[in-house]
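Close look at the chain arrangement
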Amino acid sequence: MSSDLRPDLRQQVTLLDLVDRVLNKGVVLSGDITLSVADVDLVYVGLRVLLASVATLEEQGMPVAIGDALR
Amino acid sequence: MSADGWYLYGVVEAPPGPLDVEPDVELVTEGPLAGVTSRVSLDEFGDTALSERLGDAVWLEENIRRHEQVLERVLASTTVLPCRFCTVYRTEADVRRFLSERQDQLTAALAEVSGRVELGVKAFVDPERFAAGGAQENEQIRELTAQTAQAEGGRAYLESRRLERLVGDERARFGQEAASQLHSRLLDAAERGVLLDLQRPELSGRDEEMVLNGAYLVSDRPGFERELAALAAELSSRGLELELTGPWPPYNFVSEELRG
């Protein structure tokens, strides 16, 4: 790294950081919306499991897009 | 043929001034608040269609990224209160009703995060660099390292196992200590902060052990980043690595009463 001031400071956003925020945080509404809160909760849990299994496959040398994992 | 629904990404103060957003993003203004929305087909986002879509990982990833992109472009110009993924109303009137019914809570929540951004900080301990760096501050480990280097045969094996265990214990202790030091110093440089669940190596995408996963609500971003750089400089020789993410819309700082 060129700058000595910030030796270990790296910027990186993983899909997991995104999923943990977009699906698990923010303003949550019940009522007039088309989808129930419980549905999104389920998707969140499912996606976390999926991301873990994709990462495990990649560790074993099998790169996968997360979309391929469900096919 | 298909009816339109309204996807609500987040809420801003009205009028927000010029926003540089995707062409299909519209503001729905109701009193002092505006919803950041886009029209979506209910064939795709209606309840039955949506529950099928939610099992489609390609669709999910695309739309999760889109949700974040829309909000980040708004965040570049103004404070935005993020809604959770797939907040979809059937009509524009429903969006307006939500904005007016929850006006007080939304206004208060916006005021709390106004002019502030969420920054994520993750800290990891690199085992090899710790063994060569931080671990050597422990006298017992230094002595044992020297002994192990001179030992031969079975004794060398036993001593190196003992050394490994000692270094492992010391690393766990250092990780905890560093995490609490980091969190308290970063809290001082931020308005608020929360600790998030640690990510296991297969999820974090890194082999090193994660010891801190924090989110901080920050108004003085240069000051916060200076403090982070100072911490990195202090702790990196001992094997600690830091990662900064953001700025994020303040997902982790939405008041409890708006969290369902």
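It should be emphasised that the depicted structure is a prediction, and the values quoted were computed from it without experimental measurement. (Residues numbered from 1 in each chain as written. Chains lettered and ligands numbered in written order. Predicted model: local features only at pLDDT ≥ 70, side-chain atom pairs only at ≥ 80, totals over all residues. Heavy atoms only, no water.)

Remarks on the overall build of chain B
Keep this limit in mind: In this description a helix means any DSSP run of H or I spanning at least four residues, a strand means any run of E spanning at least two, and both kinds are numbered starting from the N terminus. Two things to know: the radius of gyration comes from C-alpha atoms, and the globule rule equals 2.2 Å times the number of residues to the power 0.38. A simple rule labels every residue: compare its accessible area, found with a 1.4 Å probe on the protein chains alone, to the largest value its type can have, and call it buried under 20%, exposed over 50%, or partly exposed in between. Residue contacts are defined here by distance: any two heavy atoms, one from each residue, within 4.5 Å place the two residues in contact. To measure how exposed things are, a 1.4 Å probe is used in the Shrake-Rupley method; for residues, cover is taken only from the protein chains shown.
Scanning chain B for helices and strands turns up 10 helices and nine strands. Scaling as 2.2 N^0.38, a compact globule of 260 residues should have a C-alpha radius of gyration of about 18 Å, whereas chain B reaches 24 Å, well beyond that. In terms of its C-alpha atoms, chain B occupies a principal-axis envelope of roughly 80 × 40 × 30 Å. By the burial criterion, 50% of the 260 residues in chain B qualify as buried. Put simply, 76% of the contacts in chain B that link residues at least 6 apart link residues at least 24 apart. Element-wise, carbon and sulfur atoms account for 46% of the exposed surface of chain B, whose accessible area totals about 12,000 Å².

Regarding the interface of chain A and chain B
Just so we agree on the cut-off: Summed over both partners, the accessible area lost on bringing two parts together, with a 1.4 Å probe, is the buried area. Salt bridge criterion: a side-chain nitrogen from Lys or Arg within 4 Å of a carboxyl oxygen from Asp or Glu. Any pair of nitrogen or oxygen atoms within 3.5 Å is treated as a polar contact; in protein, a donor-acceptor pairing is required on top of that, and neighbouring residues in sequence qualify only through side-chain atoms on both sides. Residues are grouped as follows: Ala, Val, Leu, Ile, Met, Phe, Trp, Tyr, Cys and Pro are nonpolar; Asp, Glu, Lys and Arg are charged; every other residue, Gly included, is polar.
With 45 residues of chain A at the interface, the matching set in chain B holds 59 residues. In total, chain A and chain B occlude about 4,800 Å² of area from one another, counting both sides; carbon and sulfur atoms represent 59% of this. Salt-bridge contacts for Lys122 of chain B lead to Asp17 of chain A; the nearest nitrogen and oxygen are separated by 2.8 Å. Linking chain A with chain B are 13 residue pairs in polar contact (both at pLDDT 80 or more), by the criterion used here. Mapped by element, the contributors of at least two residues to the side of chain A that touches chain B are β1 (9-11), α1 (15-22) and α2 (37-59) of chain A. If one sorts the elements of the side of chain A that touches chain B by residue count, α2 of chain A sits on top with 12 residues. When the residues that make up the side of chain A that touches chain B are grouped by side-chain class, the tally is 25 nonpolar, eight polar and 12 charged.

Some points on the side chain of Thr245 of chain B
Residues and elements named next belong to chain B. Secondary-structure assignment places Thr245 in strand β9 (residues 240-248). Residue Thr245 is classed as buried on the basis of its relative accessible area of 3%. Within the structure, Thr245 has its side chain in polar contact with the side chain of Trp248 (distance 3.0 Å).

A few points about the pattern of salt bridges
All names here are of chain B. On inspection of all chains with the given rule, the structure shows 24 salt bridges over all chains. A salt bridge links Glu112 to Arg192, with the nearest nitrogen and oxygen atoms 3.1 Å apart. In this pair, Glu112 sits in helix α5 (residues 103-113) while Arg192 sits in strand β7 (residues 192-195), placing the two residues 80 residues apart along the sequence. Accessibility expressed as a relative area gives 34% for Glu112, which makes it partly exposed. Given the relative accessible area of 37%, Arg192 is considered partly exposed.

As for the packing of aromatic side chains
What counts, and what does not: For this analysis, a ring pair means two rings from Phe, Tyr or Trp (six-membered ring only for Trp) whose centres lie within 6.5 Å, classed as stacked if their planes differ by under 30 degrees, edge-to-face if by over 60, and tilted for the remaining angles. Here, a charge over a ring means that NZ of Lys or CZ of Arg falls within 6 Å of the ring centre while also lying within 35 degrees of the ring normal.
Under the counting rule described, the total for this entry stands at seven aromatic pairs over all chains. Between the aromatic rings of Tyr89 of chain B and Phe98 of chain B, the centroid separation amounts to 6.0 Å while the plane-to-plane angle is 25°, which identifies the pairing as stacked. Phe98 of chain B shares its class with Tyr89 of chain B; the two are buried. Through successive ring pairs, a cluster of aromatic residues spans Tyr7, Tyr9, Phe45, Trp59 and Phe85 of chain B. Taking NZ or CZ as reference, Arg21 of chain A lies 4.2 Å from the ring centre of Trp248 of chain B, over its face.

Observations regarding the environment of Leu33 of chain B
Residues and elements named next belong to chain B. Relative to the assigned elements, Leu33 resides in strand β3 (residues 33-41). Residue Leu33 is classed as buried on the basis of its relative accessible area, which comes to 1%. Considering only alpha carbons, one finds Leu33 and Ala190, 157 residues apart in sequence, at a separation of 26 Å. With residues near it in sequence (within four places) discarded, Leu33 still touches Val11, Val12, Ala14, Val28, Leu99, Gln103, Leu106, Thr107 and Leu110.

As for the nonpolar core
Heads up, the rule is: Side-chain atoms within 4.5 Å are what join buried Ala, Val, Leu, Ile, Met, Phe, Trp, Tyr and Cys residues into a set we call a nonpolar core.
Counting residues in hydrophobic clusters, the biggest one holds 71 residues, and the most contacted among them are Leu23 of chain A together with Ile64, Phe85, Val121, Phe224, Leu240 and Leu242 of chain B. The next biggest cluster of nonpolar side chains, apart from the first, holds 24 residues, and it includes Trp6, Val113, Val254 and Leu258 of chain B.

Focus: the confidence of the model for chain B
Going by this rule: The predictor rates its confidence in each residue with pLDDT, a number between 0 and 100.
For chain B, the average pLDDT comes to 91, and 99% of its residues sit at 70 or higher. Within chain B, β7 of chain B carries the highest mean pLDDT (97), whereas helix α9 (residues 201-204) of chain B carries the lowest (74).

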